Amino acid sequence: MAMAGCEAWERAILDRVAGALPDGEAEALQAHLDGCEHCRAQLASGEEAVKLAALPAPSEAELRLFDQLPGRARAAFRERSQRAPWGRPWVALLSAAAVAGLVMVVGGRHGAAPAEPARVEVESSELVTWALSDPLEDQDELALAGAADDVDDGLVETGDIPDLDLDSETME
Amino acid sequence: MNAGQRLSVIPGGEAPRSVPDEALWKAALSGDDRAFGELVARHQLLVMRLVRRYARTPEDARDLAQQVFLRAVDGWSRSFLRFRQKNIPFRAWLIRVAVNLGKNHARQLARWALEPLGPEMEPPAPGPLAVEALEAAERSRRARAMALQLPRRQREVLTLRIDAGLSFEEIAVSLGITANNAKVHYHHAVKRLAAQVAKEG
């Protein structure tokens, strides 16, 4: 049964589960735990959940596969670089400048004065927008994965959720 | 970056640890595959730890990790004008890409009704404890599935913490939130997970 004031220890218990309990609080929390079965159960419950959700250490077979990564990744990188040199930024800029120059030359031959100077815009990739984005809302995205059209959506997600109020949820 | 500068980064072999990631990153952005390989070697364990939760097999995890490194460089090179100004450390950028590619990979598996298996576990030896071991493995498998069902931020913070052992400060930099916010998300993730584990028994 929870003792009066147990709610005040919730944050410290969860900090201890996280392995991030400040040194100055460890002794006081332990003193409370020694006399509070309810909070000991809460601590054990949190630790068990984290232990169950944790991944096992990599096996020897996995480690051998990991060792292949640098060589394979480097080969793939070299192949991509050779296959698509236009993917490099300086090549893209030179290409864009060449195209812009060609347009101006051709336009000049036809006597058409450009309305305004040519502008070269480099747009960010969708991947980067997606990788730098934050969620619009805190919802279960995996549950939505069955929808036919949302696997690659969420590329433009902005904003961040505010700091959560720990008091809004209490441990069962 | 010209060829002479490239050679100064990696003078004919492996780069010394004193060469910062960002210098290797710049060399890789110019197409230097040795610099890219050095970056992979430095961070492969971190990335593998981050992506193996979302993979079905160890081979799948290795291939996903390779994609993380390629996309980390490729994505940055395509956005050099806009995002280079943010001065994000390479490691934080890498973590961010790994988290998002892992998420997308898991979503695609879910779309095909395939559950990420996580790392392969050794089968228990036959004997009186085999049943208990199998039950424990099943409970762990269910808890890992629950972790993937957590709200996005909670899932990200929890997995960065327990899979890669990142500090809340580094998690915060990688996800673009505050350290306090990261810790609060972790707290909520643990509470939710503990409640679900207790409910399932």
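Details of the structure are given in the entry above.
Now for a look at the structure at hand. Here, residues in each chain are numbered from 1, in the same order as that chain's written sequence. The lettering of chains begins at A and the numbering of ligands begins at 1, in the order of writing. A pLDDT threshold of at least 70 governs which residues receive local features in this predicted model, and a stricter bar of 80 or more applies before side-chain atom pairs are shown or counted, although totals over entire chains, interfaces and linings include all residues.

## Section: the overall build of chain A
The secondary structure listing takes helices from DSSP runs of H or I that are at least 4 residues long and strands from runs of E that are at least 2 residues long, numbered from the N terminus. Of regular secondary structure, chain A possesses six helices and zero strands. The secondary structure elements of chain A, listed N-terminal to C-terminal, are α-α-α-α-α-α. For the exposure call, what matters is how many other C-beta atoms sit within 10 Å of a residue's own: 20 or more marks it buried, 12 or fewer exposed, and in between partly exposed, using C-beta atoms placed from the backbone. Every one of the 172 residues in chain A was classed for burial, and the buried ones make up 17%. Note on contacts: residues are paired as contacts if their backbone-placed C-beta atoms lie within 7 Å. Once local pairs closer than 6 in sequence are excluded, the contacts in chain A between residues at least 24 apart make up 52%.

## Re the nonpolar core
Only buried Ala, Val, Leu, Ile, Met, Phe, Trp, Tyr and Cys residues enter a nonpolar core, and they are joined through C-beta atoms within 7 Å. Val51(B), Val68(B), Ala98(B) and Leu193(B) are the most contacted members of the largest nonpolar core, which totals 71 residues. Per element, the largest residue contribution to this core is 11 residues, and it comes from helix H6 (residues 90-111) of chain B. The contacts of Leu193(B), once residues within four sequence positions are left out, are Ala49(A), Ala53(A), Ala143(B), Met146(B) and Ala147(B).

## A short note on the packing of helix H1 (residues 10-18) of chain A against helix H3 (residues 37-53) of chain A
Helix packing geometry: the angle between the two helix axes and the distance between the axes. Residues and elements named next belong to chain A. All axes are obtained by fitting lines to C-alpha atoms, using only the stretch in contact for helices, and the reported angles, taken between N-to-C directions, cover 0 to 180 degrees. Two elements in contact, H1 and H3, have axes separated by 9 Å at closest approach and are oriented at 35 degrees. Read as a crossing pair, H1 and H3 show a hand that is right-handed. Seen from H1, the contacting residues are Ile-13, Leu-14, Arg-16 and Val-17; seen from H3, they are Cys-39, Gln-42, Leu-43, Gly-46, Glu-47 and Val-50. Of the residues contributing to the contact of H1 with H3, the split by class is six nonpolar, two polar and two charged. Handedness of a crossing follows from how the near helix is turned relative to the far one, being left-handed for an anticlockwise turn of less than a right angle and right-handed for a clockwise one. Under the convention adopted here, Pro, Cys and the residues Ala, Val, Leu, Ile, Met, Phe, Trp and Tyr are nonpolar, Asp, Glu, Lys and Arg are charged, and Gly plus all remaining residues are polar.

## Some details on H1(A)
Those residues of H1(A) that fall on the buried side of the exposure criterion are Ala12(A), Ile13(A), Leu14(A), Val17(A) and Ala18(A). The inward-facing, buried residues of H1(A) abut helix H2 (23-35) and H3 of chain A together with helix H8 (152-164) and helix H10 (179-200) of chain B. Immediately beyond the C-terminal end of H1(A), within one or two residues, lies Gly19(A), with a positive phi of roughly 70 degrees.

## Some points on helix H3 (residues 33-51) of chain B
Residues lying three or four places apart along an α-helix face the same way, a consequence of the helix completing one turn every 3.6 residues. Residue and element names in this part refer to chain B. Between its first and last C-alpha, H3 extends only 23 Å over 19 residues, short of the 27 Å set by a 1.5 Å rise per residue. Fitting axes to the seven residues ending at a residue and to the seven starting there, one defines the bend at that residue as the angle between these axes. At His-43, H3 shows its maximal kink, close to 60 degrees. The buried count for H3 comes to 14 of 19 residues, which makes it a mostly enclosed element. In a helix, the anticipated span is given by 1.5 Å times the number of residues less one.

## Focus on the environment of His185(B)
Residue and element names in this part refer to chain B. For His-185, the position within the fold is in helix H10. The buried category is assigned to His-185, around which 28 C-beta atoms lie within 10 Å. Taking the C-alpha atoms as reference, His-185 lies 6.7 Å from Arg-153; in sequence the two are 32 residues apart.

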